[in-house]
Amino acid sequence: MSTTDGPTLIPDDASAQEIADREAKMRQRKGWFPGLSDKWNALPRQTQWLILIVVVVIAYLLPILNPPLITTEPGNNWQIALAQMSVYALVAVGLNVVVGYAGLLDLGYVAFFALGSYTAAMFTSPDSPYVHIPYLWTLPLAMAIAMFFGVVLGVPTLRLRGDYLAIVTLGFGEIVRILATIIPAMKGQVGFQNVGHPPGTDSSGQPIFLNSSGTPWYWLTLTIIIVVLLAAGNLERSRVGRAWIAIREDEDAAEIMGVPTFKYKVWAFAIGASVGGLSGALFAGQVGFVNNQKFDIATSILFVAAVVMGGTGNKVGAVLGGALVAYIPLRFTAIAEFKYLIFGAALVVIMIFRPGGLLPARQSLLAYGRLAYNKLKGAVGDIPPSGKVVLEPGKGADNE
Amino acid sequence: MISEVIPTLLHSVPVDDTWITFDVNSFTQNFWSSTFDGLTFGAIYALVALGYTLVYGVLNLINFAHSEVFITGCYGVFFTLSALNFGPSAPRLGFWAIVGNLVLALVVAIIASALMAVIVERVAYKPLRQRKAPRLAFLITAIGVSFAIQYTIYWWRGPSPEAALTMFRPLAIFDVFGTIVDSQQVVIVVAAIILMIATDQFIRRSRTGRGIRAVAQDPDTATLMGVNKEKIIVTTFIIGGILAGAAALFYVMKIPSGVQYNGGFILGVKAFAAAVLGGIGNVRGALLGGLLIGLIGNYGQVLLGSSQWTDVVAFVVLVLVLIVRPEGVLGSSLGKSKA
């Protein structure tokens, strides 16, 4: 082929080798189950759906099955444990949008969780003097309030380098707890009792959503998780998701390529915050009691640990990580005391040795790049030796 | 006032709980005493802030574990002074005996903190540097190691603060606008300023200091010019540790019962706020930022009526500074500073 005129369009052998080397390196940095995601992606779409349906059905049946060995009983009620695990999983899904997709380290995620909890409590608990609304209405309200604070906090800090965001969110997480303690209207340690719950009674006239019954709460949260996962999956595959991944991989490059990075970072932060608020409201409803003791920075670091353990950027990994972070101290009560120590150390060990976590995220951008390269190479191969390669602008880089 | 408006807007039922109240009277009455106290705290923040600023200048990394480097120093002070029979009440010792004991505690704290700083660097950051990990990875390990250290101390010493240790009874030294300035405040502020000037001069004049500035400016070029980057990084962590150890002594002096597993954490956030306020990476900015955060925090505390407001006010100041002047008051970075 002619290489005399114009720039070469195809990477030469050396750069092809370089790409291959880089991919080989990526493959080495897989998580604990190497090849799992490759195998999954190789399956036909129908099989994927079938497996997913089975998994979801099993997930819904978990509180009834109460599988031996896995169960947290005796020690902790299995249904309530499941409800807590599902709340943590939802938190991890939300935080994964911020940390995993956009690569913004939010160390004060618990603050949004707390905002959601306090919203649910202050609008439903009889201890609160303000307007009372039905519990289910507090869910969207909690999302809106958390999102508002996410934007308020994000706008000044997201223009700066990522490190500032980490420390500002860390401060914010602590401040919300302190404010809950020192502002009289938020009732500090006394807190709000009898937080509301969704309506409905069973045949004996008892409300379905009792604080002592975990199963309905688990099912409710699980349903919400599935909805959020579907939404997150759509976002991930959309223009927004691609922008987030581009920002995560190289913010400067993304900006130069025309991605409005600030706008998308605020979006990621706000969406993450709203899911945090939602999970907080669910948590408040399930536990039925909100005070200032549950929202310390330690919890926030547990959330980050959940996302990192599950696999930063992988939403299924996040669900798994979130559930595990809640599950391990409940199942192995002997080590529950050391959970913060264990998860703190786990963060260091994972980042050094297995940066991918349990289920590493697909290296979407690189994968797309490879795809485009192969397509190009194939296209070039078909061209007669005398012909010139004509590239339509934008076709090569923009791969749908 | 806001506190009366919000509840009436929201609802009907009579509300006795308030949101925020201002106590201007107390503020004007205690203005000078809170100024002097604020400067004392500010000096301590400034010493810790230097540790953040130096590491940030060289590695472009917020060393979240610096608050644990500091609290390690606090435990060093606590154990040394406990061994020397210091207790809740001021010791009955002569002037020079007290000075000797405090110097010993200072040395132990400095060694403990510097050692912890080096351990953190070796365990958490060096492996990542060798693997050329992305920035996010550094931040995550930083918070992870900070957390692991905090809860190791928790596991070892339990959740409650250690017994109070009084080092000496503060003596009134002079009187400003009817407010007494005591020996404790003078000792802390003077010693902190001396240490900061020494650090500043070390970075400006010594050979190692030039190396630190070179690495801060451009690590690769510095390496090409024969600067041992790894050595410079460890040195930077050690200097930060030494200053944190000194800050630990003054902190325990000021707050005798402040030694607690998570005692470093919130102080760390405030010290970082101080570093950003003054201009991160800027050694003189850390001093200015520390004093400002100390003052603002203390004023906020008196005005709003609870000591926990200090942290809230410091945090709000941090966010406001980031909006208005993200480079900090003094701006320039470690590498750019002239010499």
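So, how was this worked out
Numbers given for residues are sequential positions, taken from 1 along each chain in its written order. All chains are assigned letters beginning with A, and all ligands numbers beginning with 1, in the order in which they are written. In keeping with the model being predicted, local features are shown solely for residues with a pLDDT of at least 70 and side-chain atom pairs are shown and tallied solely at 80 or more, while totals for entire chains, interfaces and linings include all residues. Starting at the N terminus, helices and strands are each numbered in turn, a helix being any DSSP run of H or I of at least four residues and a strand any DSSP run of E of at least two. Buried means a residue has 20 or more other C-beta atoms within 10 Å of its own C-beta, exposed means 12 or fewer, and partly exposed covers the counts in between; C-beta atoms are placed from the backbone. Once C-beta atoms are placed from the backbone, any two residues with those atoms within 7 Å are in contact. Here the globule rule is a power law, 2.2 Å times the number of residues to the power 0.38, and the radius of gyration is based on C-alpha atoms. Classification convention: Asp, Glu, Lys, Arg as charged; Ala, Val, Leu, Ile, Met, Phe, Trp, Tyr, Cys, Pro as nonpolar; all other residues, Gly among them, as polar. Pairing between strands requires that DSSP locate at least two bridges from one strand to the other. Helix span, expected: 1.5 Å multiplied by one less than the number of residues in the helix. An axis is simply a line fitted to the C-alpha atoms; with a helix, the fit covers only the stretch in contact. Between two such axes, the angle follows the N-to-C directions and lies from 0 to 180 degrees. By the definition adopted for this analysis, an angle is roughly parallel if under 35 degrees, roughly antiparallel if over 145, roughly perpendicular if from 65 to 115, and oblique otherwise. Take the far helix as your reference; a near helix turned counterclockwise from it by less than a right angle gives a left-handed crossing, and one turned clockwise gives a right-handed crossing. Confidence of the predictor at the level of single residues is given by pLDDT, which spans 0 to 100.

A.B. asks: I keep staring at the overall build of chain A and nothing clicks. Help me out?
C.D. replies: Looking only at helices and strands, one finds 15 helices and 0 strands in chain A. Here chain A, with 400 residues, has 46% of them falling under the buried criterion. Contacts in chain A between residues at least 24 apart in sequence constitute 79% of all its contacts with a sequence separation of at least 6.

A.B. asks: Before we go on, may I ask you to explain the overall build of chain B in this structure?
C.D. replies: Within chain B one finds 13 helices and 2 strands. Taking 20 Å as the expected radius of gyration for a compact globule of 339 residues, we find that chain B reaches 21 Å, a close match to that expectation. For chain B, the spread of C-alpha atoms along the three principal axes comes to 70 × 55 × 40 Å. Burial analysis of chain B (339 residues in total) assigns 50% to the buried set.

A.B. asks: Teacher, can you tell me more about the interface of chain A and chain B here?
C.D. replies: Accessible area lost upon the coming together of the parts serves often as the stated size of an interface. Chain A puts 40 residues into the contact, and the matching count from chain B is 42 residues. Broken down by element, the side of chain A that touches chain B gets its largest block of residues, 14 residues, from helix 7 (residues 162–182) of chain A. A class-by-class count of the residues in the side of chain A that touches chain B yields 32 nonpolar, 6 polar and 2 charged.

A.B. asks: In this structure, what is going on with the pairing of strand 2 (residues 179–182) of chain B? I would like to understand it.
C.D. replies: Within a regular strand, side chains alternate between the sheet's two faces. Bridge analysis of strand 1 (residues 172–176) of chain B against strand 2 of chain B gives 4 bridges, and the strand direction is antiparallel. When the bridges of strand 2 of chain B are listed, Ala172 of chain B appears paired with Asp182 of chain B.

A.B. asks: How should helix 4 (residues 66–83) of chain B be read in this particular structure?
C.D. replies: Each full turn of the α-helix corresponds to 3.6 residues, which orients residues three or four apart in the same direction. Residues and elements named next belong to chain B. Helix length check: helix 4, at 18 residues, gives a terminal C-alpha distance of 26 Å against a target of 26 Å (1.5 Å per residue), a fit within 8%. Of all 18 residues in helix 4, 15 are buried, a share of seventy percent or more. Positive phi appears at Asn85, one or two residues downstream of helix 4, with a value of about 65°.

A.B. asks: Explain the packing of helix 5 (residues 109–124) of chain A against helix 11 (residues 261–287) of chain A to me, please; I cannot follow it from the model alone.
C.D. replies: The angle between the axes and the distance between the axes are what describe a pair of packed helices. Residues and elements named next belong to chain A. At a minimum axis distance of 6 Å, the contact between helix 5 and helix 11 shows a crossing angle of 50°. Of the possible angle classes, the one that applies to helix 5 and helix 11 is oblique. Handedness of the helix 5/helix 11 crossing: right-handed. From helix 5, Tyr109, Phe112, Phe113, Ala114, Leu115, Gly116, Ser117, Thr119, Ala120 and Ala121 reach across to helix 11, where they touch Ala273, Gly276, Gly277, Leu278, Ser279, Gly280, Ala281, Phe283, Ala284 and Gly285. Taken together, the residues of the contact of helix 5 with helix 11 break down into 12 nonpolar, 8 polar and no charged.

A.B. asks: Would you explain the environment of Gly75 of chain A in this entry?
C.D. replies: All names here are of chain A. Among the structural elements, Gly75 can be located in the loop between helix 3 (45–65) and helix 4 (78–101). Here Gly75 falls in the partly exposed class, since 14 other C-beta atoms lie within 10 Å of it. Spatially, the C-alpha atom of Gly75 lies 8.0 Å from that of Arg331, the residues being 256 residues apart in sequence.

A.B. asks: So what exactly am I meant to see when it comes to the packing of helix 3 (residues 31–59) of chain B against helix 7 (residues 183–205) of chain B here?
C.D. replies: All names here are of chain B. The N-to-C vectors of helix 3 and helix 7 enclose an angle of 30°; their axes lie 9 Å apart at closest approach. Taken together, helix 3 and helix 7 sit at an angle that is classed as roughly parallel. For helix 3 against helix 7, the interelement crossing comes out left-handed. Contacts from Phe36, Leu39, Thr40, Ala43, Ile44, Ala46, Leu47 and Leu50 in helix 3 reach Gln185, Ile188, Val189, Ala192, Ile193, Leu195, Met196 and Thr199 in helix 7.

A.B. asks: Just to check I follow, could you spell out helix 7 of chain B for this structure?
C.D. replies: For helix 7 of chain B, spanning 23 residues, the distance from its first C-alpha to its last is 32 Å, which sits close to the expected 33 Å at 1.5 Å a residue. Burial in helix 7 of chain B covers these residues: Gln185, Ile188, Val189, Ala192, Leu195, Met196, Thr199 and Ile203 of chain B.

A.B. asks: What is the right way to read the confidence of the model for chain A from this model?
C.D. replies: Regions with low pLDDT should not have their predicted coordinates read in detail. All names here are of chain A. On average, residues of chain A score 80 in pLDDT, and 82% of them are at 70 or above. The weakest mean pLDDT in chain A belongs to helix 15 (residues 364–382) at 60; the strongest belongs to helix 11 at 92. Segment residues 383–400 is flagged for pLDDT under 50; beyond a separation of four residues in sequence, or across chains, it makes 12 contacts in the model.

A.B. asks: Is there a simple way to think about the environment of Phe177 of chain B in this case?
C.D. replies: Residue and element names in this part refer to chain B. By secondary structure assignment, the location of Phe177 is in the loop between strand 1 and strand 2. Take Phe177: there are 8 C-beta atoms within 10 Å of it, and that puts it in the exposed class. On a C-alpha basis, the gap between Phe177 and Ile119 in space is 47 Å, while along the polypeptide they are 58 residues apart.

A.B. asks: What am I meant to see in the confidence of the model for chain B here?
C.D. replies: All names here are of chain B. With 92% of its residues at a pLDDT of at least 70, chain B reaches an overall mean of 82. For chain B, helix 1 (residues 2–10) is the element with the lowest average pLDDT, namely 43, and helix 10 (residues 229–254) is the one with the highest, namely 91. Throughout residues 1–15 the model reports pLDDT below 50, and contacts reaching past four residues in sequence, or to other chains, amount to 15 contacts. Scored as a whole, the predicted complex attains pTM 0.81, and scored at its interfaces, ipTM 0.79.

A.B. asks: Explain unusual backbone geometry here, please?
C.D. replies: Most peptide bonds adopt trans geometry, and most residues besides glycine take a negative phi value. All names here are of chain A. Positive phi, normally seen in glycine, also occurs at Asn194, with a value near 50°. Note on placement: Asn194 falls in the loop between helix 7 and helix 8 (214–237). When the 13 C-beta atoms within 10 Å are taken as the criterion, Asn194 is described as partly exposed.

A.B. asks: Would you explain the pairing of strand 1 of chain B in this entry?
C.D. replies: Among the 5 residues in strand 1 of chain B, 0 count as buried, and that is only a small part of the element. As consecutive antiparallel partners, strand 1 of chain B and strand 2 of chain B are separated by 2 residues, and within that stretch Phe177 of chain B has a phi angle of approximately 50°, a positive value.

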